[in-house]
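What follows is the residue order along each chain.
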Amino acid sequence: MEETIFIKIVNGKIPCNKIYEDDKTLAFLDINPVSEGHTLVITKKEYKDFLDVPEEELESLMSTVHKIAKAVKQAENAEGINVTTNIGKAAGQDVFHVHFHIIPRFSEDGIKLWPKNKDAKSNEEIAQNIAKYL
Ligand code: AMP
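Quick look at the structure, then.

**Thoughts on the pairing of strand 1 (residues 18–21)**
Every other side chain in a regular strand lies on the same face of the sheet, so the side chains alternate between the two faces. Bridge count for strand 1 against strand 2 (residues 25–29) is 3 bridges, and the pairing is antiparallel. In the strand pairing of strand 2, tyrosine 20 is matched with alanine 27. Taken together, strand 1 and the strand that follows it, strand 2, pair antiparallel across an intervening segment of 3 residues.

Pasting the structure below:
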């Protein structure tokens, strides 16, 4: 499999603006930020997306996401933060190495996220169907 850009960053083959690292995770600035302070948090091991991360790696990943989101919010004096991960091309994923986006937000920043959608089925039916897969 061809190396992703993020594994090259982990291995020091290409540079990044590093914010934090520990033995399992790494946080660095996004090269093409949505807003100032836009940070990515990744696992050092290569997993293609969030659903691919084994349970034993989740605690360290989410702990770093939490720590970095707090630091970014303070550093940027942000009113809010979006913490998001894209899973699959259809969801906007371009780099197939799990990463969380931490994006500082302000009430007047003009960024629009999710359009509302009318469900064809009832929410009750949808909830019951999803619960079958747990
Ligand atoms: P996604 O669309 O969720 O896969 O997001 C990938 C993100 O990686 C984008 O926001 C890119 O701007 C960012 N990105 C790509 N290459 C680099 C790089 N070399 N250093 C930092 N961020 C990068």
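**Re the pattern of salt bridges**
Applying the stated rule across the entire model yields 7 salt bridges. In this structure, the salt-bridge partner of lysine 13 is glutamate 3, at a minimum N-O distance of 3.2 Å. Remark: glutamate 3 occurs in the segment before helix 1 (5–10) and lysine 13 occurs in the loop between helix 1 and strand 1; sequence separation between them is 10 residues. Among the residues examined, lysine 13 registers a relative accessible area of 54% and is labelled exposed. On the basis of relative accessible area, glutamate 3 is assigned to the partly exposed category, the value being 31%. For the salt bridge of glutamate 21 with lysine 18, the shortest nitrogen-to-oxygen distance reads 2.5 Å. Classification of glutamate 21 as partly exposed rests on a relative accessible area of 39%. With relative accessibility at 47%, the residue lysine 18 sits in the partly exposed group. Each of Lys18, Glu21 and Lys44 takes part in one network of salt bridges that share partners.

**Describing the site of the ligand**
If you check the shell around the ligand, you find 16 residues, and the closest are Asp30, Gly92, Asp94, His99 and His101. With respect to the ligand, the backbone of valine 95 contributes an N or O atom lying 2.9 Å from an oxygen atom. Relative to its unbound accessible area of 500 Å², the ligand is 84% covered by the protein chains. Of all elements in the fold, only helix 1, strand 2 and strand 5 (99–105) reach the threshold of two or more residues within the shell around the ligand. Take the shell around the ligand: its biggest share by element is 3 residues, from helix 1. Residues that form the shell around the ligand fall into these classes: 8 nonpolar, 6 polar and 2 charged.

**Looking at unusual backbone geometry**
With phi around 50 degrees, asparagine 77 is a residue other than glycine that occupies positive phi space. Its place among the elements puts asparagine 77 in the loop between helix 2 (55–75) and strand 4 (80–84).

**Let's talk about the nonpolar core**
Listed in full, the 12 residues of the largest apolar core are Ala27, Val41, Tyr47, Val53, Leu61, Val65, Ile68, Ala69, Val72, Val98, Phe100 and Ile102. Looking at this core, the elements with two or more residues in it are helix 2 and strand 5. Among the elements that make up this core, the one with the highest residue count is helix 2 (5 residues). With residues up to four places along the chain from it excluded, the contact list for isoleucine 102 reads Gly37, His38, Thr39, Val41, Val65, Ile68, Ala69, Val72, Ile81, Asn82 and Val83. If you look at the next biggest cluster of nonpolar residues, it comprises 6 residues, including Ile9, Leu26, Phe28 and Leu40.

Rules used throughout
- Residue positions within a chain follow its written sequence, with the count starting from 1.
- In keeping with the model being predicted, local features are shown solely for residues with a pLDDT of at least 70 and side-chain atom pairs are shown and tallied solely at 80 or more, while totals for entire chains, interfaces and linings include all residues.
- To get the side-chain values, all heavy atoms of the structure are used, and hydrogens and water are removed first.
- Strands were regarded as paired on the criterion that DSSP finds at least two bridges between them.
- Helix and strand definitions follow DSSP, with helices as H or I runs of at least four residues and strands as E runs of at least two, each counted in order from the N terminus.
- Salt bridges are defined as contacts in which a side-chain nitrogen from Lys or Arg sits within 4 Å of a carboxyl oxygen from Asp or Glu.
- Per-residue accessibility, obtained with a 1.4 Å probe over protein chains only, is compared with the maximum for each type, and a residue is labelled buried under 20%, exposed over 50%, and partly exposed between these values.
- In this text, near means that some heavy atom of the residue lies within 4 Å of the molecule or strand in question.
- Nitrogen and oxygen atoms within 3.5 Å of one another constitute a polar contact, given that in protein one can donate a hydrogen and the other can accept it, and given that sequence-neighbouring residues count only through two side-chain atoms.
- Values of accessible area rely on a 1.4 Å probe in the Shrake-Rupley scheme; residue burial ignores everything except the protein chains shown.
- We call Asp, Glu, Lys and Arg charged. Ala, Val, Leu, Ile, Met, Phe, Trp, Tyr, Cys and Pro are nonpolar, and the rest, Gly among them, are polar.
- By convention a nonpolar core is built from buried Ala, Val, Leu, Ile, Met, Phe, Trp, Tyr and Cys residues, the set being connected through side-chain atoms within 4.5 Å.
- Whether two residues touch is decided by their heavy atoms; if any such pair falls within 4.5 Å, the residues are in contact.

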